[in-house]
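Structural description and commentary
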Amino acid sequence: MPPARSTRKPPPVPSNEAPRPLRADARRNRERLLAVADEVFSERGADASMEDIARRAKVGIGTLYRHFPTREALLVATVEEQLHALARKTRSLTASASSSPGDAVAEFLAAFVEHASTYRGLAASLGVVFQSGTPGCAAASEAATRLLSLAQAAGEIRSDIDLDDIVSLVTGIALAAQQMPAEPGRAQRLITTFIEGLRTPAPPKEAPPAPPEEAPGPSRPAGAGRMAGGPGRSGASRTSRSS
């Protein structure tokens, strides 16, 4: 019996060619899908049904997957402009002279957590979204890495922390904040705790010098008091007897 022929397709050959521009109708479909995805993700969270998005956009599910082969790809495209906004915010923090690099990192973290909370459940895919390689992701990553490097060079942020660590911890903060939406101060408390852990520890304060010990005075020999007062008392006694 001849062996069964494999049905697996060979991997695609990488191409350096720029993607061809979309036809007018395909571009309209893509723009409509992004607008509808933003509405649906805002209403139902980042795990909303892809079928619901296609249905509301009045396109077939095949059209949706041709433009966005995965949910993460659709999420990335939907928040692309927000990633550019995060990059602009981070660059402004880097150039600001009104705050130290460490304080600028703290402000970046607050903006990053806000971005991760754009849609309920977005934080669960934040690592994939933030490192997807789109222009917005690349701009945000570059700006954040530069800000972090400046804070580390200034000695204000620990040198063993990198951007991947920050993405992981921001994911946890955003998830924790989403689990308790009725407590708005929770995210800020977690950010404050996080940034305190990122900062380099302050050098220990030097203890004040001890006061110099006083040199001990000359010791008096035993019986010195009796010797000093003896003759006086003896003379007084003789005077009393003679009188």
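The sections below set out a description of the structure shown in this document. (Residues numbered from 1 in each chain as written. Predicted model: local features only at pLDDT ≥ 70, side-chain atom pairs only at ≥ 80, totals over all residues. Heavy atoms only, no water.)

Here's the deal with the environment of Ser42
Using the following cut-off: Secondary structure elements are taken from DSSP: a helix is a run of H or I of four residues or more, a strand is a run of E of two residues or more, and numbering for both begins at the N terminus. The rule is simple: take the accessible area with a 1.4 Å probe, protein chains only, and divide by the maximum for that residue type; under 20% is buried, over 50% is exposed, in between is partly exposed. The definition of a polar contact used here is a pair of N or O atoms within 3.5 Å, where within protein one atom must be able to donate a hydrogen and the other to accept one, and adjacent residues in sequence count solely through side-chain atom pairs.
You can see Ser42 is positioned in helix H1 (residues 24-44). A relative accessible area of 46% places Ser42 in the partly exposed class. For the pair Ser42 and Arg120, spaced 78 residues apart in sequence, the C-alpha to C-alpha distance is 7.4 Å. From its side chain, Ser42 meets the backbone oxygen of Asp38 in a polar contact 2.7 Å long.

Here's the deal with the packing of helix H5 (residues 80-95) against helix H6 (residues 101-116)
Counted only if it meets this: Axes here mean lines fitted to C-alpha atoms, for a helix over just the part in contact, with angles spanning 0 to 180 degrees between N-to-C directions. Any angle that is under 35 degrees is reported as roughly parallel, and any over 145 degrees as roughly antiparallel; angles of 65 to 115 degrees are reported as roughly perpendicular and all others as oblique. In what follows, a contact means two residues having at least one pair of non-hydrogen atoms within 4.5 Å. Side-chain classes are defined by residue name, with Ala, Val, Leu, Ile, Met, Phe, Trp, Tyr, Cys and Pro counting as nonpolar, Asp, Glu, Lys and Arg as charged, and the others, Gly among them, as polar.
Relative to each other, H5 and H6 sit at 170°, their axes nearing to 10 Å. In terms of their interaxial angle, H5 and H6 are classed as roughly antiparallel. The segment H5 lies against H6, with Gln82, Leu83, Leu86, Lys89, Thr90 and Leu93 engaging Ala104, Glu107, Phe108, Ala111, Phe112 and His115. Classifying every residue of the contact of H5 with H6 gives 7 nonpolar, 3 polar and 2 charged.

Some points on the pattern of salt bridges
The line we're drawing: The working definition used for a salt bridge is a side-chain nitrogen of Lys or Arg within 4 Å of a carboxyl oxygen of Asp or Glu.
Inspection of the entire model under this criterion finds 7 salt bridges. One salt bridge connects Arg56 with Glu43, and the closest N-O pair in it is separated by 3.1 Å. Within this pair, whereas Arg56 is found in helix H2 (residues 50-57), its partner Glu43 is found in helix H1, the two being separated by 13 residues in sequence. Its relative accessible area of 47% is what places Glu43 among the partly exposed residues. The residue Arg55 makes a salt bridge to Asp52 at a minimum N-O spacing of 2.6 Å. One end of the pair is Arg55 and the other is Asp52, both in helix H2 and 3 residues apart, which spans about a single turn. Given a relative accessible area of 58%, Arg55 falls into the exposed group. You can call Asp52 partly exposed: its relative accessible area is 23%.

So, the packing of aromatic side chains
The test is simple: Stacked, tilted and edge-to-face are the three classes assigned to paired rings of Phe, Tyr and Trp, where Trp is represented by its six-membered ring and a pair needs centres within 6.5 Å; plane angles under 30 degrees give stacked, over 60 edge-to-face, the rest tilted.
What the rule picks out here adds up to 2 aromatic pairs. For the ring pair Phe41 and Tyr119, a centre distance of 5.4 Å and an interplane angle of 50° mean the geometry is tilted. Of this pair, Phe41 sits in helix H1 while Tyr119 is found in the loop between H6 and helix H7 (126-130), placing the two residues 78 residues apart along the sequence. Both residues of the pair, Phe41 and Tyr119, count as buried. Centre to centre, the rings of Phe108 and Phe112 are 5.5 Å apart; their planes meet at 40°, and the pair counts as tilted. With Phe108 and Phe112 both in helix H6, this residue pair falls 4 residues apart, about one helical turn.

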